[in-house]
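Listed here are the chains, written in short residue letters.
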Amino acid sequence: MSASLSYPDLLPLLGDAVEDIRGRLIPNQLLSAVTWFRVGGPAQLMFQPADEADLAVFMKALPEDVPVTVVGLGSNLLVRDGGIEGVVIRLPIRGFGQVEYLGGHKLRVGASVPDKKLAEEAAKTGTGGFAFYTGIPGAVGGALRMNAGAHGTETKDRVVNVNAVTRSGEILTLSNEEMGYAYRHSSASKDLIFTSAVFEGFAQSEDEIRAEMAEVVAHREKAQPIREKTGGSTFKNPEGNSAWKVVDAAGCRGLQIGGAKMSELHCNFMLNVADATAHDLEMLGETVRSEALAKTGTRLEWEIKRLGAFVDGAAIEPFLGKAD
Ligand SMILES: Cc1cc2nc3c(=O)[nH]c(=O)nc-3n(C[C@H](O)[C@H](O)[C@H](O)COP(=O)(O)OP(=O)(O)OC[C@H]3O[C@@H](n4cnc5c(N)ncnc54)[C@H](O)[C@@H]3O)c2cc1C
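- The name given to the chain in an unreviewed UniProt entry is UDP-N-acetylenolpyruvoylglucosamine reductase, with Pseudovibrio denitrificans as the source organism.
- In its Pathway (unreviewed entry) section, the UniProt entry covering the chain states "Cell wall biogenesis; peptidoglycan biosynthesis."
- The annotation that UniProt attaches to the chain under Sequence similarities (unreviewed entry) is "Belongs to the MurB family."

1. Regarding the pattern of salt bridges
Next, step 1: Scanning the model with the defined rule gives 20 salt bridges in all.
Next, step 2: Among the ionic pairs, glutamate 100 bridges to arginine 108, the shortest N-O distance being 3.9 Å.

2. Focus: the side chain of threonine 230
Next, step 1: By the secondary structure assignment, threonine 230 is in strand S17 (residues 230–233).
Next, step 2: The buried category is assigned to threonine 230, whose relative accessible area is 4%.
Next, step 3: Separated by 3.3 Å, the side chain of threonine 230 and the backbone nitrogen of glycine 232 make a polar contact.
Next, step 4: Not counting residues within four places of it along the chain, the set of residues in contact with threonine 230 comprises Trp36, Phe37, Pro225, Phe269, Met270 and Leu271.

3. A few points about empty space enclosed by the protein
Next, step 1: By the definition in use, this model includes 1 cavity of 30 Å³ or more.
Next, step 2: In this model, the largest cavity occupies a volume close to 50 Å³.
Next, step 3: Contributing to the lining of the largest cavity are Arg80, Asp81, Ala278, His279, Glu282, Ala309, Phe310, Val311, Ala314 and Ile316.
Next, step 4: Tallied by class, residues from the lining of the largest cavity come to 6 nonpolar, 1 polar and 3 charged.

4. A short note on the sheet that holds strand S12 (residues 171–175)
Next, step 1: Ordered in space as S6-S7-S15-S11-S12, the 5 strands form an open sheet in which the pairing is antiparallel. Of all strands in the sheet, those with a lone pairing partner are strand S6 (99–103) and S12, marking the two edges. Across the sheet, the axes of successive neighbouring strands diverge by a mean angle of 20°, strand direction being ignored.
Next, step 2: In the packing of helix H1 (residues 52–61) onto the sheet, the strands contacted are strand S11 (159–165), S12 and strand S15 (193–200), and the crossing angle to S11 comes to about 45°.

5. Regarding unusual backbone geometry
Next, step 1: If you check the backbone angles, arginine 184 has positive phi at about 50° while not being a glycine.
Next, step 2: Residue position: arginine 184 is located in the loop between strand S13 (181–182) and strand S14 (185–186).
Next, step 3: One non-glycine residue, aspartate 275, adopts positive backbone phi at about 50°.
Next, step 4: The residue aspartate 275 is located in the loop between strand S20 (269–272) and helix H7 (278–296) in this model.
Next, step 5: On the accessibility criterion, aspartate 275 (71% relative accessible area) is exposed.

Conventions we followed
- Residues numbered from 1 in each chain as written.
- Predicted model: local features only at pLDDT ≥ 70, side-chain atom pairs only at ≥ 80, totals over all residues.
- Heavy atoms only, no water.
- UniProt positions renumbered as here; feature names shortened; annotations may be inferred.
- Salt bridge = Lys/Arg side-chain N within 4 Å of Asp/Glu carboxyl O.
- Helix = DSSP H or I, 4+ residues; strand = E, 2+ residues; numbered from the N terminus.
- Buried < 20%, exposed > 50% of the residue type's maximum accessible area, 1.4 Å probe, protein only.
- Polar contact = N/O pair within 3.5 Å; in protein donor to acceptor, adjacent residues only side chain to side chain.
- Contact = heavy atoms within 4.5 Å.
- 1 Å grid on protein atoms, 1.4 Å probe; cavity = no way out; pocket = protein on both sides within 12 Å on 5 of 7 lines; lining within 4 Å.
- Points joined across faces, edges and corners; volume = space filled by probe spheres on them.
- Nonpolar A, V, L, I, M, F, W, Y, C, P; charged D, E, K, R; others polar.
- Pairing = 2+ DSSP bridges.
- Axes fitted to C-alpha atoms, helices over the stretch in contact; angles between N-to-C directions.

This is the structure:
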């Protein structure tokens, strides 16, 4: 299927339950509108719940065999040109955008709060340990799933517990341990939709925090193509090495396929420089992986999450054999 085609209407499957749902249901929402790369076909049905209870009602009503995918701000996503079959959940600011200071350097934060706002709110309360979020352009839900991190701190270092809605509509709370964190990864069930989390930092003066935040911003401005259509780091850093060094050593800095290019400034960032398709971007990423293995012996693994269906006849088999 191509971005110009659409999926069949899913709404009839929800039956009378539709009456009880307060959020927005949008059939065939183009996902290129919500990803940083500005690529991706339609979501068969996008749901933007009114709040956590509404999300739970929806999940209970949705037949078990309908696939569900969650997206955040789309800053780590490559959505394929064929779009995403089933329901795509996107948590809006209204209903999931609250930040509450709990005292004791703890904050309860909704999953659609941008990471940058979390850093800002923590600074206002003299809560240290959140300045790294200033440079990460996602929202809290994505940070919880990806264990987002920078400058030596990761999400796992700040999470106390996480609220989530299950595929069958139960609401549960997971501890930090139950999130199963590793480098850019959580092993919590893929079915879970994170709705909010409690974070804990430490006492620090607002001036010191703001100085750290300014350093983070200055570093990003210099070192990363932050105003481009990109998905951040394309590959995870291999053990004891940096992914950009491997990409560079493989001769792939500036490599271009169609409208997709490895950044000259930071060669682990892939860019959409000229109306790239998701196919161009994924083909470029797989080419870099293959060159890296051949020229440096290092196997790069994707950090960017690739979701959805290929357009008919344009599937890309992972060059290195294993889908990851
Ligand atoms: C310029 C740039 C710089 C970046 N720098 C960094 C960096 O320094 N460090 C870093 O770690 N990352 C970085 N990233 C990557 C990205 O910003 C982070 O991974 C971020 O946490 C993704 O959040 P998001 O809301 O955009 O999630 P998305 O990209 O929309 O989704 C990412 C994953 O999270 C899942 N997800 C999203 N919301 C939820 C939810 N509510 N419940 C369950 N699962 C959910 C999605 O299904 C998907 O698997 C950068 C990206 C860009 C474009």
